[in-house]
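A structural walkthrough
What follows is the residue order along each chain.
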Amino acid sequence: MSRREVIRWGLIGVGGLAVGGLGGFAIGRSTAPSADAPHPIADAPTAAPLAAAAFPISLSADARGFVDAEGSPFFYLADTPWNAISRMTRESFTTLATARRDSGFTGLQMSVLDFDPRAENAYGHAPFAERGALDDPLLAEDDGDDYWSHVAWCIDTCAELGLVACLVPSWYGGWGDSWRGYVTADNAGAYGAFLADRFGDRANVWWLLGGDNDPSDEGDATSGVPGGLNRGPVIEETIAMGRALREGAAVTQLMSYHTARRMTVEEYFGGEDWYDISAAYSGEDSAPYVAAEYARPTVRPVVLWESYYEARDTEPMLDRRAVRAQAYHALMAGAAGIVYGHELVYAVADGWVEALASESSGDMGVLSAIIADEASEPLVPVSDAAGTSALLPDGYGTPGTTSSVGAVTLSDGRGALVYVNEPRSQITVDTTALHPTASFGIRWINPATGEEFFVADDRTGDDVSVGWPSTWSDAVLVIRR
């Protein structure tokens with residue numbers, strides 16, 4: 001099905017009166033369709049997924065988003081095959097990266113080292129001369145094949161496919177149960193310098209320090225660190241690693257920190273020159289965590305580095321709609337990047353190849369097409385301060401529930417995108433919140449299929465009623481002039 005298979009069927013009203021219905025569902029005075037039933041528009045344009053970028057990626061002029069080397073807007077849409085570098089052969093990695101490129105993803109988030117410090121890579125190569133010796137990488141003689149040459153090959157494969165390789169240097173682990181205990185004041189800077197020397201010329205590399213972990217020693221941050229290893233804070237060690245990576249890079253390589261869920265690290269790293277991207281990591285309700293980072297006095301792009309995965313086997317287990325809702329709510333809260341994940345893909349577990357074609361993965365492809373087609377310019381969350389919160393006179397629902405509605409506006413009053421998380425009879429729009437006199441075209445997009453339904457070409461007013469597309473569980477409303 002075309003990403004923009006538009007169905008012309010009036011669903012619009014003024015003053016609370018809807019003049020059309022969809023799928024036999026009537027609103028207001030509308031009647032069931034007869035000869036004027038909806039029909040595809042043969043020449044409707046097709047929205048392509050996000051295009052490959054010219055590397056390196058840098059911050060946009062307003063620091064709210066990203067641009068590529070040619071100045072084109074870049075949206076970061078990534079998957080999390082965290083253990084792909086260590087657990088995949090080159091053939092398997094090519095399968096993964098190609099599938100994600102073809103689905104509209106623009107990045108892969110991966111750990112340079114396996115989550116298990118004891119592990120070798122798929123070719124039997126260990127990363128260090130001794131387990132955990134971050135300052136003693138094991139290198140083959142005469143540039144032969146070793147652990148690090150395979151890392152380079154994976155990075156370069158991503159570059160060939162137009163993907164950012166967003167790399168975690170040493171995954172700390174949710175309870176410090178991975179590499180955190182091996183990170184010390186003596187080796188953190190040396191390891192960062194080694195990585196910069198080896199990969200600092202790769203224009204498609206970003207660095208994501210930490211790894212699902214609070215860098216302090218509070219709570220459960222260090223409960224999983226094996227005995228005899230570092231159980232103290234790793235704030236200064238992380239800073240040393242970050243500074244070494246930044247100082248040794250030959251090209252722009254953006255950086256951030258992958259924190260624990262629902263936590264900010266602004267107090268730890270917000271003053272560091274290398275902290276380019278504000279980090280959000282949410283539960284099921286992504287909007288407040290993205291919004292909190294977006295509202296900080298220091299303006300940076302915000303990336304939702306992680307949320308809940310598809311195919312979880314522990315609570316909360318999200319259905320398909322809930323998985324994609326995390327992404328859409330993050331976008332509507334101001335995220336310049338969104339990250340999706342699947343339980344089998346991140347661990348490279350049995351069934352990971354089939355999981356590449358999962359339903360939620362396909363939903364991310366629809367999101368990619370929507371961003372490419374509708375959001376190639378800066379998006380600004382609706383707010384009282386911007387004078388745009390009146391866009392939806394009936395309000396934005398209850399935060400943290402399925403009634404929650406998110407919305408962003410395009411620059412210069414050119415339009416808006418609205419994500420509605422659950423069915424309703426209609427939604428009321430005040431176009432004067434965007435522009436006092438301009439007329440707008442309005443249509444719906446189904447985030448599960450990419451299917452579109454036309455609503456109106458030329459509408460303006462403070463009480464424009466738009467009927468809901470029957471059978472859809474959630475929807476994106478596009479308002480454009």
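Data block above holds the structure.
From a predicted model like this one, the values you see are computed outputs, not experimental measurements. (Residues numbered from 1 in each chain as written. Predicted model: local features only at pLDDT ≥ 70, side-chain atom pairs only at ≥ 80, totals over all residues. Heavy atoms only, no water.)

Relative to the assigned elements, Tyr191 resides in helix 4 (residues 188–199). A sequence separation of 21 residues divides Tyr191 from Ser170, and the C-alpha atoms of the two residues are 9.4 Å apart. Look past the residues within four positions of Tyr191 in its chain and what remains in contact with it is Val112, Leu113, Phe128, Leu134, Trp148, Pro169, Ser170 and Met241. (Helix = DSSP H or I, 4+ residues; strand = E, 2+ residues; numbered from the N terminus. Contact = heavy atoms within 4.5 Å.)

Under the counting rule described, the total for this entry stands at 24 aromatic pairs. Relative to Tyr340, the ring of Phe105 lies with its centre 6.0 Å away and its plane at 50°, an arrangement referred to as tilted. Within this pair, whereas Phe105 is found in the loop between helix 2 (90–102) and strand 8 (107–111), its partner Tyr340 is found in strand 14 (residues 337–340), the two being separated by 235 residues in sequence. Of the two residues, Phe105 and Tyr340, both sit in the buried class. Cluster of aromatic residues (ring-pair linked, three or more members): Phe128, Tyr147, Trp148, Trp179, Tyr182, Tyr191 and Phe194. In this structure, Arg64 is placed above the aromatic ring of Tyr294, and the distance from its NZ or CZ to the ring centre is 3.7 Å. The side chain of Arg261 reaches across the aromatic face of Tyr308, ending 4.0 Å from its centre. (Phe/Tyr/Trp six-rings, centres within 6.5 Å; stacked < 30°, edge-to-face > 60°. Buried < 20%, exposed > 50% of the residue type's maximum accessible area, 1.4 Å probe, protein only. Lys NZ or Arg CZ within 6 Å of the ring centre and 35° of its normal.)

Before going further, it helps to spend a moment on the pattern of salt bridges. For the coordinates displayed, the defined rule picks out 21 salt bridges. Of the charged contacts in the structure, one is a salt bridge between Arg101 and Asp102, with a shortest N-O distance of 2.5 Å. Measuring nitrogen to oxygen at the nearest pair gives 3.2 Å for the salt bridge that ties Asp201 to Arg202. Residue class for Asp201 comes out partly exposed when judged on its relative accessible area of 48%. By relative accessible area, which is 18% here, Arg202 ends up buried. Counted as one network, the salt bridges with shared partners bring together Arg320, Arg324, Glu359, Asp363 and Asp474. (Salt bridge = Lys/Arg side-chain N within 4 Å of Asp/Glu carboxyl O.)

A word on a negative patch on the surface. On the surface, Glu130, Asp135, Asp136 and Asp186 cluster together into a negatively charged patch. Along the chain, the position of Asp186 falls in the loop between strand 9 (164–168) and helix 4. (Patch = residues over 30% accessible without salt bridge, like charges linked within 9 Å, V, L, I, M, F, W, Y side chains within 5 Å. Areas by Shrake-Rupley, 256 points an atom, 1.4 Å probe, with all protein chains shown as cover. Lys, Arg positive; Asp, Glu negative; His and termini not counted. Charge placed at Lys NZ, Arg CZ, Asp CG, Glu CD.)

A few words now on empty space enclosed by the protein. Counted under the stated rule, the structure contains two cavities of 30 Å³ or more. In this structure, the largest cavity encloses a volume near 70 Å³. Every residue lining the largest cavity is listed: Leu304, Ser307, Tyr308, Val323, Gln326, Ala327, Ile338, Val339, Tyr340, Gly341 and Met364. Among the elements of the structure, helix 8 (320–332) and strand 14 are those that each provide at least two residues to the lining of the largest cavity. For the lining of the largest cavity, the class distribution of residues is eight nonpolar, three polar and no charged. (1 Å grid on protein atoms, 1.4 Å probe; cavity = no way out; pocket = protein on both sides within 12 Å on 5 of 7 lines; lining within 4 Å. Points joined across faces, edges and corners; volume = space filled by probe spheres on them. Nonpolar A, V, L, I, M, F, W, Y, C, P; charged D, E, K, R; others polar.)

Take the pairing of strand 21 (residues 464–467) next. The alternating pattern of strand 21 places Val464 and Val466 and Ser465 and Gly467 on opposite faces, both of which are buried. In the sheet, strand 18 (residues 426–429) pairs with strand 21 via four bridges, with the strands oriented antiparallel. If you follow Val429 over to strand 21, its bridge partner there is Val464. (Pairing = 2+ DSSP bridges.)

This brings us to the sheet that holds strand 7 (residues 76–79). Spatial strand order, 11-10-9-8-7-14-13-12: eight strands in an open sheet with parallel pairing. Strands at the two margins of the open sheet, each flanked by one partner only, are strand 11 (255–258) and strand 12 (278–281). The average angle at which neighbouring strand axes cross in this sheet is 25°, direction not considered. The sheet contact formed by strand 13 (residues 302–306) and strand 14 spans two bridges and is parallel. From the neighbouring strand, Leu304 faces strand 14, where its bridge partner is Ile338. Contacting strand 12 and strand 13, helix 7 (residues 287–294) crosses the sheet at an angle of about 165° to strand 12. (Axes fitted to C-alpha atoms, helices over the stretch in contact; angles between N-to-C directions.)

Once that is clear, we can look at the nonpolar core. Ranked by size, the top nonpolar core spans 78 residues in total, and within it Tyr76, Trp148 and Trp206 carry the most contacts. The biggest single contributor to this core is helix 3 (residues 147–160), with seven residues. One finds Ala322, Ala335, Met364 and Val366 within the second-largest nonpolar core, a separate group that totals 38 residues. (Core = buried A, V, L, I, M, F, W, Y, C linked by side-chain atoms within 4.5 Å.)

A separate point is helix 5 (residues 235–248). Compared with an ideal rise of 1.5 Å per residue, which puts 14 residues at 20 Å, helix 5 spans 20 Å between its outermost C-alpha atoms and is within 8% of the ideal. Among the residues of helix 5, Ile235, Glu237, Thr238, Ile239, Met241, Gly242, Ala244 and Leu245 are the ones counted as buried. In this structure, the buried side of helix 5 is in contact with helix 4, strand 10 (205–210), strand 11 and helix 6 (266–269). (Expected span 1.5 Å × (residues − 1).)

Attention shifts here to the packing of helix 3 against helix 4. Remark: helix 3 packs on helix 4, axes separated minimally by 11 Å, with the N-to-C direction vectors making an angle of 55°. The angle between helix 3 and helix 4 falls in the class oblique. The chirality of how helix 3 crosses helix 4 is right-handed. Within the contact between the two elements, helix 3 uses Trp148, Ser149, Val151, Ala152 and Ile155 and helix 4 uses Tyr191, Phe194, Leu195, Arg198 and Phe199. When its residues are assigned to classes, the contact of helix 3 with helix 4 shows eight nonpolar, one polar and one charged. (Parallel < 35°, antiparallel > 145°, perpendicular 65-115°, else oblique. Left-handed = near helix turned anticlockwise from the far one by under 90°.)

Before going further, it helps to examine the sheet that holds strand 4 (residues 58–59). With antiparallel pairing, three strands are arranged side by side in an open sheet as 4-5-6. Pairing within the sheet leaves two strands with one partner each, and these edge strands are strand 4 and strand 6 (73–74). In this sheet, strand 5 (residues 66–67) lies alongside strand 4 in antiparallel orientation, the contact comprising two bridges. By the bridge assignment for strand 5, Ser58 is matched with Val67.

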